[in-house]
Structures are given as C-alpha cells and as structure tokens.
Amino acid sequence: DQQVKQNSPSLSVQEGRISILNCDYTNSMFDYFLWYKKYPAEGPTFLISISSIKDKNEDGRFTVFLNKSAKHLSLHIVPSQPGDSAVYFCAASPAYVGTYKYIFGTGTRLKVLA
Amino acid sequence: GAVVSQHPSRVICKSGTSVKIECRSLDFQATTMFWYRQFPKQSLMLMATSNEGSKATYEQGVEKDKFLINHASLTLSTLTVTSAHPEDSSFYICSASGSGQAYFGPGTRLLVL
C-alpha cells in the first residue's frame, strides 16, 4: 500500500517556465513533508520541507505548498533550469521533530528543456 | 551541510556470499540511522531503523536474519546482506539524522551474480 504517491512519473518543462510536481498522501498521521532531488546512482539531496502547521514554504526558486485537507502537496520550481533535471521524491514523516523515518513517494522525473 | 558516506559505492558478489555495507556520519553524531533500498525506477523503500546501542527495528516484510544491522557507534552503522541472492541486487541507501533533517549517503550498488 503506497502511502505517498506521485502520480506523474515524468514531466517535461521548458527552461524558464514553472515546474509543478505533485504528491498525494493517505496517512493523516503524517505531519512533516519533504522534497528530495536525486540523480541516478546517488543518494537523495534535501531540497525543502514543510510542517503541517504551514501551508507554504519558500526557499529561493523552490516553493512547497501543502493542502492538508486534501492530503496534497506540490513543489513549484520557478524559473526552471536545465540543472534541475533529476528525479524528485516527496517524503512524509509522522512527526515534525524526533523522527526521521521517511516514507517516500515513487518519484517524478523532471526534464527541463533548454 | 552534514556529510554521510557509504562504503563501498559498488559491489559485485557471488550468490551465497555475504556483503557488508558501511554508513558513516562524518561530521555529526547520529543516534539513529535508516537503511533504504531502491529498485530501478521505483521508490526508496525503508528497510529498517538502526539505533545506536540497541537492536534495529525492521519494516514489515524485511527479513532481519537476512539483513543484519549493527549500529556500534554514533557515527557508524553497517548493513550485512547475508547469503546474498540475485534478487537482493539493488541500490542500498542509508540516512542519518541530525540538525533537524535526515542526510542521505550516496548509496551502494549491489549486484549479486
């Protein structure tokens, strides 16, 4: 049973435009959400996170939105750059502090076209 | 940011042998480390939680006798794949918690022939 889902396995976006990656979760106990970027044969790299007490968190070109009632979060990348091409995983955790046990989504492969 | 290393980065072994993978937190102490595995084009699946000085906690469906985890110090956790079989071939990734987030290692590619 996949508790964290990324329904789009791939996404192509033109350089300079906005990339929107979506993630849905089913477990209402999840309280903390993260986005990771991953290149092949490498470990994930942390991008941005959000706790359930917020609905938006912004860091440079990256913004994460959380809709807790819909159990949905999204990552916006503006403007998209070719270097952003990678697989993006959303992850969820049942607590904000004290546990780093993450449940990962299936990933979305983003390709930014020059 | 914090650095987590894994060794080896790639290993090829014969079926039936055991393989040990090390995960080290290089610049911080990690009381808890996590082990994940990733099959091609699939998600990272949590295998177990490694606690320093105590037994690991395994996720449902993960055989604890096959995937031995030892967390002997605050900077080192090891995963031993015992009697490896071709279906154990995968990408194994560890993470260590510290400074408010989890930091991931670069992963170990295991190929069992």
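Further up the page is the structure itself.
In this text, all values refer to a predicted model and were calculated from it rather than measured experimentally. (Residues numbered from 1 in each chain as written. Chains lettered and ligands numbered in written order. Predicted model: local features only at pLDDT ≥ 70, side-chain atom pairs only at ≥ 80, totals over all residues. Heavy atoms only, no water.)

Points about the nonpolar core
And then number 1: In this structure, Val4, Trp35, Leu79, Tyr92 and Leu110 of chain B are the most contacted members of the largest nonpolar core, which totals 24 residues.
And then number 2: Within the residue set of this core, elements represented by two or more residues are β2 (10–13), β3 (19–25), β4 (32–38), β5 (44–51), β7 (67–73), β8 (76–81), β9 (90–98) and β11 (108–112) of chain B.
And then number 3: Ignoring sequence-local partners within four residues, the contact set of Leu79 of chain B consists of Val19, Lys20, Ile21, Trp35, Phe67, Leu68, Ile69 and Tyr92 of chain B.
And then number 4: Ranked by size, the runner-up nonpolar core spans 23 residues in total, among them Val13, Leu21, Cys23 and Leu73 of chain A. (Core = buried A, V, L, I, M, F, W, Y, C linked by side-chain atoms within 4.5 Å. Buried < 20%, exposed > 50% of the residue type's maximum accessible area, 1.4 Å probe, protein only. Helix = DSSP H or I, 4+ residues; strand = E, 2+ residues; numbered from the N terminus. Contact = heavy atoms within 4.5 Å.)

Some words on the interface of chain B and chain A
And then number 1: Taken together, the 20 residues of chain B in the interface contact 16 residues of chain A.
And then number 2: Summing the contributions of chain B and of chain A, the shared interface buries around 1500 Å²; its carbon and sulfur component is 61%.
And then number 3: At the surface where chain B touches chain A, the tally comes to zero salt bridges.
And then number 4: Summed over the shared surface of chain B and chain A, the number is seven residue pairs in polar contact (both at pLDDT 80 or more).
And then number 5: Elements that contribute at least two residues to the side of chain B that touches chain A include exactly β4, β5, β9 and β10 (101–104) of chain B.
And then number 6: Grouping the amino acids of the side of chain B that touches chain A by side-chain chemistry returns nine nonpolar, nine polar and two charged. (Buried area = accessible area lost by both parts, 1.4 Å probe. Salt bridge = Lys/Arg side-chain N within 4 Å of Asp/Glu carboxyl O. Polar contact = N/O pair within 3.5 Å; in protein donor to acceptor, adjacent residues only side chain to side chain. Nonpolar A, V, L, I, M, F, W, Y, C, P; charged D, E, K, R; others polar.)

What to know about the environment of Thr17 of chain B
Residue and element names in this part refer to chain B.
And then number 1: Here Thr17 shows up in the loop between β2 and β3.
And then number 2: With 53 residues separating them in the primary sequence, Thr17 and Asn70 have C-alpha atoms 18 Å apart.
And then number 3: Not counting chain neighbours up to four residues away, the residues in contact with Thr17 comprise Val81, Thr82, Ser83 and Ala84.
And then number 4: In this structure the side chain of Thr17 is engaged in a polar contact, spanning 2.7 Å, whose partner is the backbone oxygen of Lys14.

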